[in-house]
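Coordinates in review
Okay, here's what each chain looks like letter by letter:
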Amino acid sequence: MTVMNKAFALIVVAAAGCAARSVAEESPAAVSGAKVRLEEARGNSVFVFEAKTSLADGTRFDLRLYYVRRYKIPPGLVEPGQPDFEEELIDVDKDDARSSDGSFGAELGSSDLPPWPGQYRVVASWPDENATGEDGQSHAQADLDVGAVKDLPAMRAKADREVYEDMARIGRVLDALRLRWGKLGDAADAAWADFRKDADRRINAVKERNGRRRKAELYWMECRGKQRVDWILQKVCPLLDKAAHFFPKPAANRPDAKELDLAIADTEEDYQHYLDFLGFGRIIDAVKVDAALGSVLKIADEVKAWRGKAATDLEGWLDASADISGNLMEAALNLSGELPEAYFARAEAVQKVALRMLDHVREVAAGRAPVAEWADLETKMEAAVKELRDSVPRVKDE
């Protein structure tokens, strides 16, 4: 996760100076001049709230930082004289402050992540026997507009990718444990300590990153991803502890193997459930995708090799083309089998160009003018392969 740099902080604070505004709702004489700004403090971005008060020193104020989400009301449902939107306040942080020398304030929402663009609101509340509200308190608020809406798609994509990557890293630990258990014979696993040390390193790195994700539901994937990563870690860590009672011991001294079998299966079931919930479906193995794609491209090269000789060796071409066609379909299916559904269109694009290359050589062999130029097909193949390769996440362990 990157820390918001000072240049960005200055831009946001400068823009916020025009956007900040305050409203004293119940008791304007008691609290005035409420304002909030975004600063960088100790390497983190932080919302700084300040206000003046005529109340006695030591008066306690409850402070809440919200992200303001607005929903447009259909025109036909807008009440006369009322706004055409509704507000949802998303809890971000809370604190309290006590007045001193006619003022009070606090820092809220400290994070080493840049804030999501949008409107933020700090609400200050304090006891007031004259307040008309049901809670017996008066309130003052200050709003601040942060960032630009145009930055949201890139920030969301980054959050999606980072949650995916951490789920992938957890999956690798699970896969490695299951494979190691499947290959373990009757003897003790002499390298278990090294395996456990590496697994703990990976898990701890995921824990650290996940701990920095925001709890507030400013963006669904960040909030729910944080939660699901935490939940699956609560299964994986005890699983590794349980495995430590099996691997370092010879078979005669281990507990019942079914215990570990069931624990691994149970953890993997939860892991898959969370992948489905987050919309990932499955983690892509980039190495296997590259290998499957390489098989398709190898067959495309076979087709290219026949392009210059199919017409002069028609019998050989007819014999080879049947195998090439079958192998191409099998390779294309294997490629799709390594990808989740969202990637099928990209895999199909590669397959379609390979099939058109096959048709091109068939037409040449039959003495007909090919519908598509070979150079155009090669350009399309290069583009289709690049699009697929570039879209495949390549997760590094950290």
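See above for the structure.
One structure accompanies this document, and this report is about it.

Calculation rules
- Residues numbered from 1 in each chain as written.
- Predicted model: local features only at pLDDT ≥ 70, side-chain atom pairs only at ≥ 80, totals over all residues.
- Heavy atoms only, no water.
- Helix = DSSP H or I, 4+ residues; strand = E, 2+ residues; numbered from the N terminus.
- Rg over C-alpha atoms; globule rule 2.2 N^0.38 Å.
- Contact = heavy atoms within 4.5 Å.
- Lys, Arg positive; Asp, Glu negative; His and termini not counted.
- Charge placed at Lys NZ, Arg CZ, Asp CG, Glu CD.
- Axes fitted to C-alpha atoms, helices over the stretch in contact; angles between N-to-C directions.
- Parallel < 35°, antiparallel > 145°, perpendicular 65-115°, else oblique.
- Left-handed = near helix turned anticlockwise from the far one by under 90°.
- Nonpolar A, V, L, I, M, F, W, Y, C, P; charged D, E, K, R; others polar.
- Phe/Tyr/Trp six-rings, centres within 6.5 Å; stacked < 30°, edge-to-face > 60°.
- Buried < 20%, exposed > 50% of the residue type's maximum accessible area, 1.4 Å probe, protein only.
- Pairing = 2+ DSSP bridges.
- Core = buried A, V, L, I, M, F, W, Y, C linked by side-chain atoms within 4.5 Å.
- Salt bridge = Lys/Arg side-chain N within 4 Å of Asp/Glu carboxyl O.

Comments concerning the overall build of the protein
Along the protein, the regular secondary structure elements total nine helices and eight strands. Against the globule reference of 21 Å for 398 residues, the protein gives a C-alpha radius of gyration of 31 Å, more extended than a compact globule. Principal-axis analysis of the C-alpha atoms gives the protein an extent of 100 × 70 × 40 Å. The long-range share in the protein, meaning contacts at least 24 apart out of those at least 6 apart in sequence, stands at 72%. For the protein, the distance from the average position of its 57 positive side-chain charges to the average position of its 71 negative side-chain charges is 4 Å.

As for the packing of helix H2 (residues 152-183) against helix H5 (residues 257-278)
Between H2 and H5, the shortest axis-to-axis distance is 11 Å and the interhelical angle comes to 160°. As judged from the angle between their axes, H2 and H5 are roughly antiparallel. You can see that H2 and H5 cross each other, and the crossing is left-handed. Two secondary-structure elements touch here, H2 through Val163, Met167, Ala168, Ile170, Gly171, Leu174, Asp175, Leu177, Arg178 and Trp181 and H5 through Ala257, Leu260, Asp261, Ile264, Thr267, Glu268, Tyr271, Tyr274, Leu275 and Leu278. Looking at the contact of H2 with H5, its residues break down into 14 nonpolar, two polar and four charged.

Side note on unusual backbone geometry
A positive phi angle, near 55°, is found at aspartate 101, a position not held by glycine. Examined against the element boundaries, aspartate 101 turns out to sit in the loop between strand S5 (85-98) and strand S6 (103-111).

Some remarks on the packing of aromatic side chains
One pass over the full model with this rule turns up 14 aromatic pairs. Taking 5.1 Å as the distance between ring centres and 75° as the angle between the ring planes, the aromatic pair formed by tyrosine 67 and tyrosine 120 counts as edge-to-face. Residue tyrosine 67 is found in strand S4 (residues 60-72), and its partner tyrosine 120 is found in strand S7 (residues 118-127); the two are separated by 53 residues along the sequence. By relative accessible area, which is 9% here, tyrosine 67 ends up buried.

Considerations on the sheet that holds strand S3 (residues 44-53)
What the three strands build is an open sheet, ordered S2-S3-S6; its pairing is antiparallel. In this open sheet, the two edge strands, each paired with only one partner strand, are strand S2 (31-41) and S6. Sheet twist, expressed as the average angle between the axes of neighbouring strands with direction ignored, equals 15°. Across nine bridges, S2 lies against S3 in antiparallel orientation. When the sheet's bridge partners are listed, alanine 41 is paired in S3 with asparagine 44.

A word on the nonpolar core
Judged by nonpolar contacts, the single largest core of 101 residues is most densely connected at Phe49 and Met167. Residue contributions to this core peak at 11 residues, all from H2. When near neighbours in sequence (up to four residues on either side) are disregarded, methionine 167 contacts Val229, Ile232, Tyr271, Tyr274, Leu275, Leu278, Phe280 and Ile283.

Looking at the pattern of salt bridges
The tally for this structure, following the rule as stated, stands at 36 salt bridges. Across the pair glutamate 378 and lysine 304 runs a salt bridge whose closest N-O atoms are separated by 3.1 Å. With a gap of 74 residues between them, glutamate 378 in helix H9 (residues 374-391) and lysine 304 in helix H6 (residues 286-307) connect regions that are remote in the sequence. For glutamate 378, a relative accessible area of 30% translates into the label partly exposed. Here lysine 304 falls in the partly exposed class, since its relative accessible area comes to 44%. Linking glutamate 348 and lysine 352 is a salt bridge whose minimum nitrogen-to-oxygen distance equals 4.0 Å. Of the two residues, glutamate 348 and lysine 352 are both situated in helix H8 (residues 344-365); the distance of four residues between them amounts to about one turn of the helix. For glutamate 348, a relative accessible area of 39% translates into the label partly exposed. A network of salt bridges, in which partner residues are shared, links Glu165, Asp166, Arg169, Arg209 and Arg213.

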